[in-house]
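# Reading the structure
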Amino acid sequence: MPQCHFYRLSDIRKLLRQKGFAVQDGFTSITTKCIICSQEKIESKKNESKLYVNKTTGYFLCPKCNNHGHWSLLERLVKKSKIEGSVKDHIETTQQKLEAFNKDWQTICNETTSLIDLNEADTINLFRLFEFPHHPDATKVLSDVRVTSDHTILYFPLKNSLENIVGYRKIQAGREDEIENVGLHMAGLFHCRAPKLTRTDQAILVPTVQDVLHLSASKVPGTLIWLTNCSLPPVLLPCLEHYQKLCLWGDWENMRSVAEKLGEERCRFVRPTDGLVTATEAAKANLSLKTLVSEAKPATHRSITTFASLRDDVYAELTNIEKVRGVKWRRFPALTKLLGGHRRGELTVLTGPTGCGKTTLCAEMSLDLALQGVTTLWGSFEIRNSRLARTMLQQFAGLPLEQNLQDFPKFADDFQKLPIFYLAFHGQQSIKVVMEAVEHARYMHDICHVVIDNVQFMLGLGDEDRYLRQDAVIAAFRTFATARHCHVTLVMHPRKERDSEDLSTSSIFGSAKASQEADNVLIIQDKRLTAVRGKKYLQVAKNRYSGDLGIVPLDFDKDALSYQAKKKSKKDDTEKLLDQCIEEFTLDKTEMKLRNNANKSNKNQKNKGQDKDADSFLSDILNLNRTR
C-alpha cells in the first residue's frame, strides 16, 4: 500500500484562492473549476466541470475528464502555468484508460440486452434465477442493467456525479458472492429510483440489490444506491455530494464508517427492528419500509446523555446478540466458543515465547477473518511482507506451494481478491508515522482489523525510555480502536521467564499497561521442550467481553502452515461406526450367553424334577410286583 499523507485543508484552500480558483465548501469535499479542463481551448465556460478535492486526504477528481490523483499532483498543476512532462504523461494515461473502458463497455452493450427489453416470462425466470424479488415496476427500476443472451450474467452500470458510466458490476448466477467490479478506479455508483418519484435531495444506501428492489416496490422516495459490502471508498464521495439527506440501512458495524465519511450531520440510520437488520428482512416480515425510512434516526451519538437516547441501541444489541458477539473464527471453533467472536473496537494482545509461532498463528487468525470479509491491515515490522504473504498464501491453499507450483496462479488470483493490505514498513518506525498510515488506510479502505507484529520491533532497541514509548504506543492504539471502531491486535514479546514456568498476563514485556488496556490477552504456552509429552496450546488469559477463560489446543500442520483443528475424515467416521457395531455385537453376544445359561439352568432343574418323578414311579411299580 503506498504511503500517503493527510493535508491541511486551510493550506489547500489558500493556494487555490491565491491562483484565482474560487472555492466552494461541501459536505466531504471542496469544489473548484477543473484546472485541466479549463486549459483546453474547446471548453466553454458553460461546460466547466467541477473539480472535487477531498477534505481529509486532498485526493482530487474531475468527473468530466476523469483526471484524479493525490494533492501533490494537483499542487504542481496549480503552481505552474505550464504542465510538466510527468504530469502530462499522467493525464494522457488517464485519457487512454477512459477511451479503453468506453470501448469495453460498448462491446458489452453490443453483446447484451437491456433488462427492460425482455418479455414478461423471461423477466420472471431471470429474477427467479438470481433470487431477486419481482414486482411490476422491477424492470423499470433496473432498466440500465444489461443481461447476456443465456441470461446467466448481469452487468450493473456504475455512474459518476455527471451520470457518465465509468464502471460496471458483473454478477453471475449461482456465484453472487463473487461480484466483479470493473472500471475507472471505481469512481461510480449504481443508483436508481422507483417510477414516478422525483425527490432528488434524499438517498437511501443499502448493501444488496435485493434491498433496492424491495424499497422500490414500497415506493420509498429518494435515490436508491447499492453499496457492496457497505464499503465506500473516498473516490466515490463526489457522487453523493449533492444529497442533503442520506439514509443508511444495513449492518451498523459497517455503516458507521460510511457515516463518518459522508458527514454524520446529514446521515440517518434505520435501526434494527426485532432483529431485522436489512430492508429485505423487514419486507419479508411485512413491515412498512416507507415508515421505517421516515423514522430513521440520526447517525451521530455525540449528544447522548440519557438512557432514553440509548434505549434503541440497547434493544438492537439484545435482538442481534449473535452479531454483537462478533465474527466467528471458522478455523478455530474452540477460540470462538471462549471469546464469542472477533469484535470491532477491541484491543487484543498476543504473546508467547520466542519461536513459538506467534506470527504464523496470528496470520492464520487474520486470514480466517479476511475470508469472511473483515478488511485487514497488516503491519509486519519483524518479517518482510513477501515472507508474510507467502505464509498466508500457503495457509489459504492448505498445501506446500513449493511442491505444487503449477497451482500457484490459481491460488494467487483467489488470494489477491481478499481484503488484506500491508504497511510498507520494516524495523523501527515512529509511532506518529505508523498511526498516520493506519488512519489513512482506515479512511481509504474501511479497515476493520489492524495487526501490529510486533510492538518491540516497531519501537527498536532505543534507550532507557523504551517502556514509556511502549506505553505511548499501546495508548495510541487503544484510543484508535475505541474512537475508530476498529479491532487492533498487538503481537508482543514476553519477559524472560524460566522455561518451566507458565506465562501469564504479568509476563508481557514492559509495564502492566498492555494487559490493563487490552480487552483480550492470548498467550501461546509451549511445553514441548520441558515435558516428555508436552503440548502447545493457546491460553485465553483475559476476556473482557464475557469473562470466559480457557485453552485452545494447537496442532501444527507443517505442509499447510496451519494450526486449525483437523477435521475428522470419512475413514475415522467409518472406523467409529465399525467400533460401535462391534461393541453392540459383543453386548448382544454376552446377553445371549447369559440367557442361554439361564435357560440351561432352568432346564436342568426341570429335568431333575422329571427324573425324580420317574424314579418314584419305578419304585412304586417294583414294590407292587413284590407284593404280588
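Residues numbered from 1 in each chain as written. Predicted model: local features only at pLDDT ≥ 70, side-chain atom pairs only at ≥ 80, totals over all residues. Heavy atoms only, no water.

By the naming in an unreviewed UniProt entry, the protein chain is DNA 5'-3' helicase, taken from Danaus chrysippus.

What follows deals with the sheet that holds strand E17 (residues 347–351). Strand order in the open sheet formed by 8 strands is E19-E18-E20-E21-E17-E22-E23-E24, and the pairing between neighbours is mixed. Lying at the two open borders of the sheet, with one neighbouring strand each, are strand E19 (420–422) and strand E24 (550–553). Sheet twist, expressed as the mean angle between neighbouring strand axes with direction ignored, is 20 degrees. The pairing of strand E20 (residues 449–453) with strand E21 (residues 487–492) spans 5 bridges and is parallel. Paired with histidine 449 across the strands is histidine 487, a residue of E21. Helix H14 (residues 358–370) contacts E17, strand E18 (376–380), E19, E20, E21, strand E22 (520–526) and strand E23 (536–543) of the sheet and is inclined by roughly 165 degrees relative to E18. In the packing of helix H19 (residues 466–483) onto the sheet, the strands contacted are E17, E20 and E21, and the crossing angle to E21 comes to about 160 degrees. (Pairing = 2+ DSSP bridges. Helix = DSSP H or I, 4+ residues; strand = E, 2+ residues; numbered from the N terminus. Axes fitted to C-alpha atoms, helices over the stretch in contact; angles between N-to-C directions. Contact = heavy atoms within 4.5 Å.)

Tracing the chain through its elements places threonine 139 in helix H6 (residues 138–141). Measuring from C-alpha to C-alpha, the distance between threonine 139 and threonine 123 comes to 7.8 Å, with 16 residues separating the pair along the chain. Ignoring anything within four residues of it in the chain, the contact list for threonine 139 reads Leu115, Ile116 and Thr123.

Attention now moves to the packing of H14 against helix H15 (residues 385–397). Where H14 meets H15, the closest approach of the two axes is 10 Å, and the angle between their N-to-C directions is 60 degrees. Between H14 and H15, the interaxial angle falls into the category oblique. For the crossing formed where H14 meets H15, the hand is right-handed. Here Thr359, Thr360, Ala363, Glu364, Ser366 and Leu367 of H14 come into contact with H15, specifically with Leu388, Thr391, Met392, Gln395 and Phe396. Looking at the contact of H14 with H15, its residues break down into 5 nonpolar, 5 polar and 1 charged. (Parallel < 35°, antiparallel > 145°, perpendicular 65-115°, else oblique. Left-handed = near helix turned anticlockwise from the far one by under 90°. Nonpolar A, V, L, I, M, F, W, Y, C, P; charged D, E, K, R; others polar.)

Note that lysine 542 resides in strand E23. A distance of 2.7 Å separates a polar side-chain atom of lysine 542 from the backbone oxygen of serine 515. A distance of 3.3 Å separates a polar atom in the side chain of lysine 542 from the backbone oxygen of glutamine 516. Among all residues touching lysine 542, those that are not within four sequence positions of it are Ser515, Gln516, Ala518, Asp519, Asn520, Val521 and Leu549. (Polar contact = N/O pair within 3.5 Å; in protein donor to acceptor, adjacent residues only side chain to side chain.)

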